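Close look at the chain arrangement
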Amino acid sequence: MNALQTKALAKTYGSGLVALKGINLEVQQGDFFALLGPNGAGKSTAIGIICSLLNKTAGSIEIFGHDLDSNREFCKSQIGLVPQEINFNVFETPRNILITQAGYYGIARREASTRADEYLASLDLYEKRNQTARTLSGGMKRRLMVARALVHRPKLLILDEPTAGVDIEIRRSMWKFLSDLNAAGTTIILTTHYLEEAESLCRNVAIIDGGEIVESGAVEELLSRAMVQSFVLDLAEPVSVEIDLVGYRLISQKPRQLEIEVNTGTSMNDLFAQLAAQDINVLSMRNKANRLEEFFLRLVDENKKSNTA
Amino acid sequence: MKSLLAINTVAFKTMVVREVRRFTRIWVQTIVPPAISALLYLTIFGTLIGSRIGEMDGHRYIDFIVPGIIMMAVITNSYSNAVSSFFGAKFQHYLEELLVAPVHIVVILAGFVAGGVARGLAVGALVAAVSLFFTDITVQNPLLTILVVVLTSTLFAIGGVINAVFAKSFDDVSVIPNFVLTPLTYLGGIFYSVKMLPDFWESVSMFNPVLYMINGFRYGILGSSDFDIRWSLFVILVFIVVLGSVALFLLNRGIGIKQ
């Protein structure tokens, strides 16, 4: 069963801006799904419509097989949303924010209190439960929004850039938390600008640009279609002469560093043989960007070129 | 899944608790100022000037103005609470907490209105308590008094929500109270009987809906009114139905809250 299905979902704002041009999305129950796209691509608009924060212009949405328009209350009860912007009452305490949110889903106060404490503890916010929310750090505020989205135990969790502006330690702990949640059965849809986040967490991905889905499928499948990869090679000794490579593209050369583009499927052995023949010793090698990022950038660039052509 | 009725019942209670907590947390801004204003009105207009005015409509002047002063506090605070709470939720985006939840539009409106009514009644009770230091009037018709004050605060709380739906800045929140509500309230017969006015202005006053609310409330307390009390109840109910329908239409369409 699909946790989410959109058909020809379109949105034109009052200003005339066409944000979505009839997108079709399918997210399987239990999936960890990434919705990627550059700024202004339409990701947040799509999420806003799915979560009833925006009115659509056309199209339909089904949540676990139920039409959003005709069964809105059921659909809403299945979804938890972590929006991009901080959107809780900063003068309330984290505990009250969670209890109040649970109340909006019909959870009585006693049960809501228990759940609030449970989620605050699991997101390392229990110690701060009775402080005013405005005194929390940026990372804590993000985690509070995750806790709030989970307090009614939704089957579909939608996160719109949940780790934006969060330090790497908290981001990693959030990844672990979300992976565990997904493993326990919650379907997760994630938008993010950190593509290594999407690559390491998600099984399926859709890339949206200019209000259209330009690519979608399994992450592994898309990566296999990435045509080139860029590698950064750190050298043992400085090299001053121009390096000559056959079958590989030298993007940049610094005394102790080379950046080389390699076509997918090309063996690296020959590269190292050519470098060794020129008395160049390689100390270490790494991807310049992660593979999904390269694929994403190429796709967005191609889309931009085809739109201007 | 729980029934929608059960969900919405808990959601409504949650909203009321949240609203009451909001205005009681800032009680120095919300509860105390109206009581001080009432104290000043009763001291200056009731005691100092009122003693020279004599009777109005067969009552001591200070007794005559007490219902109007209580009602003015109720109207202002019901409206202020609803408009500031709704606009604050919209401005800080935590209105989205309600919009994503399976809460019916009627319950969303009822929750904000209940908050306005709660503050209006709390302030009204405090102002009434202050007035007891100046008068010893006994309420002639307690049920009617309660009915009029609850309906009036409901009406103005709905008005506050409508104002907040259209408001785009904090300036927009204060325009209606300053330029519409205050003049209508002062010209609604708080300090005088409309029978004292020249015929033309008496007729003009009849188009002021606040006049009917203050007179209805005054009738409940003092037992006298400038006109038939049934008119008061009719006008208040008509306005509640009309404004309530407008508010529900706006919320249902997402006007001012969804794009």
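Residues numbered from 1 in each chain as written. Chains lettered and ligands numbered in written order. Predicted model: local features only at pLDDT ≥ 70, side-chain atom pairs only at ≥ 80, totals over all residues.

1. Observations concerning the environment of B:Phe239
With respect to the helices and strands, B:Phe239 occurs in helix H11 (residues 229-253). Along the backbone, B:Phe239 and B:Pro209 are 30 residues apart, and their C-alpha atoms lie at a distance of 8.6 Å. (Helix = DSSP H or I, 4+ residues; strand = E, 2+ residues; numbered from the N terminus.)

2. Things to note about helix H8 (residues 170-186) of chain B
Residues and elements named next belong to chain B. Between the first and last C-alpha of H8 there are 24 Å, a value that for 17 residues agrees with the 24 Å anticipated at 1.5 Å per step. Along H8, the helix axis deviates most sharply at Val180, where the bend reaches about 30°; the proline Pro183 sits within four residues downstream. For H8, every residue scored as buried is listed here: Val173, Leu181 and Thr185. If you follow the buried residues of H8, they end up packed against helix H4 (61-91), helix H7 (142-166) and helix H10 (209-222). (Expected span 1.5 Å × (residues − 1). Bend = angle between axes of the 7 residues up to and from the residue. Buried ≥ 20, exposed ≤ 12 C-beta atoms within 10 Å, placed from the backbone. Contact = placed C-beta atoms within 7 Å.)

3. Some remarks on helix H3 (residues 94-104) of chain A
Along H3(A), 11 of the 11 residues are buried, which leaves the element largely enclosed by surrounding structure. If you check which residues of H3(A) are buried, you get A:Pro94, A:Arg95, A:Asn96, A:Ile97, A:Leu98, A:Ile99, A:Thr100, A:Gln101, A:Ala102, A:Gly103 and A:Tyr104. On the buried face of H3(A), the contacting elements are helix H4 (109-122) and helix H5 (138-150) of chain A together with helix H1 (4-25) and helix H5 (96-99) of chain B. Following H3(A) by one or two positions, A:Gly106 adopts a phi angle in the positive range, close to 80°.

4. Points about the pairing of strand S12 (residues 249-254) of chain A
All names here are of chain A. Counting buried positions along S12 gives zero out of six residues, so the element sits mostly on the surface. Where S12 and strand S13 (residues 257-263) come together, five bridges link them in antiparallel fashion. For Arg249, the partnering residue across the bridge sits in S13 and is Glu261. Turn length for the S12-S13 hairpin, with the two strands adjacent in sequence and antiparallel, is two residues. (Pairing = 2+ DSSP bridges.)

5. A look at the sheet that holds strand S14 (residues 282-287) of chain A
All names here are of chain A. The four strands lie next to each other as S12-S13-S11-S14, forming an open sheet whose pairing is antiparallel. Of all the strands in the sheet, the pair left with one neighbour each is S12 and S14. When the angles between neighbouring strand axes are averaged without regard to direction, this sheet yields 20°. (Axes fitted to C-alpha atoms, helices over the stretch in contact; angles between N-to-C directions.)

6. Focus: the nonpolar core
Of all hydrophobic cores here, the largest spans 148 residues; its most connected members are A:Ala147, A:Ile158, B:Ile69, B:Val113 and B:Val161. Broken down by element, the residue count for this core peaks at 18 residues, all from H4(B). Setting aside chain neighbours within four positions, we find B:Ile69 in contact with B:Ala38, B:Tyr41, B:Leu42, B:Val127, B:Ser131 and B:Ile190. (Core = buried A, V, L, I, M, F, W, Y, C linked by C-beta atoms within 7 Å.)

7. Structural notes on the interface of chain A and chain B
Contact residues are listed per partner, giving 27 residues for chain A and 23 residues for chain B. Counting residues per element, the ones that place at least two in the side of chain A that touches chain B are helix H2 (72-78), strand S6 (79-82) and H3 of chain A. Its residues placed into classes, the side of chain A that touches chain B shows 14 nonpolar, 10 polar and three charged. (Nonpolar A, V, L, I, M, F, W, Y, C, P; charged D, E, K, R; others polar.)

8. What to know about the domain arrangement of chain A
Residues and elements named next belong to chain A. What the domain assignment reports for chain A is domain 1 (2-223) and domain 2 (226-308). Counting from both sides, the interface comprises 14 residues of domain 1 and, opposite them, 11 residues of domain 2. For the side of domain 1 that touches domain 2, the secondary structure elements donating two or more residues are helix H7 (195-201), strand S9 (204-209), strand S10 (212-218) and helix H8 (219-224). (Domains from an automatic or database assignment.)

9. Some points on the pairing of strand S11 (residues 228-235) of chain A
Residues and elements named next belong to chain A. In terms of strand pairing, S11 meets S13 through seven bridges, oriented antiparallel. Considered in S13, the bridge of Phe231 is made with Ile260. As paired strands, S11 and S14 are joined by five bridges and run antiparallel to one another. Of the residues in S14, the one forming a bridge with Leu233 is Met285.

10. Points about unusual backbone geometry
Even without glycine at this site, A:Asp279 takes up a positive phi of about 60°. Positive phi outside glycine occurs at B:Asp57, with the angle close to 55°. One can find B:Asp57 in the loop between strand S1 (55-56) and strand S2 (59-60).

11. Considerations on the sheet that holds strand S2 (residues 18-28) of chain A
Backbone-to-backbone hydrogen bonds pair the strands of a sheet. The strands run either parallel or antiparallel. Residue and element names in this part refer to chain A. Spatially, S2-S1-S4-S5 is the arrangement adopted by the four strands of the open sheet, whose pairing is antiparallel. Each edge of the open sheet is held by one strand with a lone partner, namely S2 and strand S5 (66-67). Relative to S2, strand S1 (residues 2-12) runs antiparallel, the two being bridged by eight bridges. Note that in S2 the partner of Gln5 across the bridge is Glu26. In this fold helix H1 (residues 43-50) packs onto S1, S2 and strand S4 (58-63), with an angle of close to 115° to the strand it touches most, S1.

12. Points about the packing of H4(B) against helix H6 (residues 105-131) of chain B
All names here are of chain B. H6 packs onto H4 with a crossing angle of 150° between their chain directions and a minimal axis gap of 7 Å. By the angle class used here, H4 and H6 are roughly antiparallel. When the axes of H4 and H6 are compared, the crossing they make is right-handed. Listed contacts from H6 to Val66, Ile69, Ile70, Ala73, Val74, Asn77, Ser78, Tyr79, Asn81, Ala82, Ser85 and Phe86 of H4 are Phe112, Val113, Gly115, Gly116, Val117, Arg119, Gly120, Val123, Gly124, Val127, Ala128 and Ser131. Grouping the constituent residues of the contact of H4 with H6 by class yields 14 nonpolar, nine polar and one charged. (Parallel < 35°, antiparallel > 145°, perpendicular 65-115°, else oblique. Left-handed = near helix turned anticlockwise from the far one by under 90°.)

13. A short note on the confidence of the model for chain B
For chain B, the mean per-residue pLDDT works out to 93, and 99% of the residues sit at or above 70. Interface confidence in the predicted complex, given as ipTM, is 0.89; pTM for the same model is 0.86. (pLDDT = per-residue confidence, 0-100.)

14. Re the packing of H7(B) against H10(B)
Helix-helix packing: each pair is described by the crossing angle between the helix axes and the interaxial distance. Residue and element names in this part refer to chain B. At a minimum axis distance of 8 Å, the contact between H7 and H10 shows a crossing angle of 155°. Taken together, the axes of H7 and H10 lie roughly antiparallel to each other. Crossing handedness for the pair H7 and H10: left-handed. Contacts between H7 and H10 involve Leu144, Thr145, Val148, Val149 and Thr152 from the former and Met213, Gly216, Phe217, Tyr219, Gly220 and Ile221 from the latter. Across the contact of H7 with H10, the residue classes tally to seven nonpolar, four polar and no charged.

15. Description of the environment of B:Ile236
Residues and elements named next belong to chain B. Position of Ile236 relative to the elements: it lies in helix H11. Residue classification places Ile236 among the buried positions, given that 21 C-beta atoms sit within 10 Å. The spatial distance from the C-alpha of Ile236 to the C-alpha of Tyr186 is 18 Å, given a sequence separation of 50 residues. Here Ile236 is in contact with Leu151, Thr152, Leu155, Tyr212 and Met213, once residues within four sequence places are set aside.

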